[in-house]
Amino acid sequence: MNRGISGSTLVLLLVRMIIGVTKKQALRTVLLNKKVIIQILSGEPRMAKFDLSVLTVTLDQPVEKAYQVYCEYGGVLIKGLFTDYIDALNNELEPYISARHPGIDSLPEHMKDFAGRKTKRLTQVPLISKTFRESMIDHPYLMGCIDKIFENICDATWMNTTQIMQVEPGEKAQFLHRDSENYQIIRRMGKSAPEVTSNCIVALDDITEDMGATRVVAGSHLWDDFDRQAAYEETFPLELKKGDGFLFSGKVIHGAGANVSGKPRRAMAMAFNAGWLTPEEAFPMYMKWEMVKGLSQRAQQLLGFRSFHHTCLEGGSLWTVNFEELANYLEHAE
């Protein structure tokens, strides 16, 4: 007897029709995006917004819960991670952001589109902002997550970069990418590669889809084929409230969306990588020990002012001076 099409079968068919993927890939999309709703608008099927509640944790939930979500979806949204500090941070950054011009002229032509011709980018945040270096860089909850992510990979982590990204009105969507592609061998290893880099996007203002919210492909860190290009329809917009942080794997596909609103979208990337891997931003080249020595040892480590000692995982020490702990050397060299 024909009992009709079940609800789950219908969702599977819709996903295949919308995204244009195989049955296996469509099934994975349905399983990963348990609360994705399929809508039909104006006679044309399209994927509605991903239900961010499946990715969301709060600061009163254990780090283990955040890590579980991170592993399953490739990222976790931490509500109110930096709410108490954003106003002070924005006040310290404002003169520098206002003085910046959109785009980065020094980049190769193909990278100018990636960076955004109508996007203001500002680095050196730990130097500029006292709030950031004293209250945000080593936030206990975020550090708890980072420790879980890099457990059994490295004994200590670098801060890869801190970068303000202000997407101005009229900016087009950034092409989709993985942050781990900075390290080519990781891309070749695909999903089996160790977790060597992780990024936290922090909302410095409320961020909506129209403003150019980052678009994310949930579960793409688990794809069998890392050479497959993601379709735009596979992404969801990462709409955030001011102070929220989205911590995600370097193996997750993402990219800034187009800003079709009338106001800029301001966010900050706080990226981390394994302590034995070269970071993007050379913090010790523009910061002085005098500024850093009063910070916590964890903050000093993140900024590259401490050596990396492989004690738990065994191995030698890195980033030393004449076999001496770098921080001790700097203290005595004053």
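Located above this text is the structure these notes cover.
Residues numbered from 1 in each chain as written. Predicted model: local features only at pLDDT ≥ 70, side-chain atom pairs only at ≥ 80, totals over all residues. Heavy atoms only, no water.

1. With respect to the overall build of the protein
The condition that has to hold: Counting from the N terminus, the helices are DSSP H or I runs at least four residues long and the strands are E runs at least two residues long. The buried label goes to any residue with under 20% of its type's maximum accessible area, the exposed label to any with over 50%, and the partly exposed label to all in between, with areas taken from a 1.4 Å probe on protein chains only. Any two residues having at least one pair of non-hydrogen atoms within 4.5 Å are treated as being in contact. Areas reported as accessible are Shrake-Rupley estimates using a 1.4 Å probe. Residue values count occlusion only from the protein chains shown.
Assigned secondary structure in the protein consists of 12 helices and 14 strands. Within the span of the protein, comprising 334 residues, buried residues form 51% of the whole. Here the analysis covers contacts within the protein between residues at least 6 apart in sequence; of these, 75% occur between residues at least 24 apart. A total accessible area of about 16,400 Å² is found for the protein, and carbon and sulfur atoms account for 53% of it.

2. Here we look at the pattern of salt bridges
The following threshold applies: Any Lys or Arg side-chain nitrogen found within 4 Å of a carboxyl oxygen on Asp or Glu counts as a salt bridge.
Across all of its chains, the model carries 15 salt bridges by this definition. Here arginine 298 makes a salt bridge to aspartate 147, at a shortest N to O gap of 2.9 Å. One end of the pair, arginine 298, is in helix α11 (residues 297-302); the other, aspartate 147, is in helix α8 (residues 140-149), with 151 residues separating them in the sequence. For aspartate 147, a relative accessible area of 42% gives the class partly exposed. Its salt-bridge partner being lysine 148, residue glutamate 151 comes within 3.6 Å of it at the nearest N-O pair.

None of the figures reported here should be taken as evidence of function without further support.
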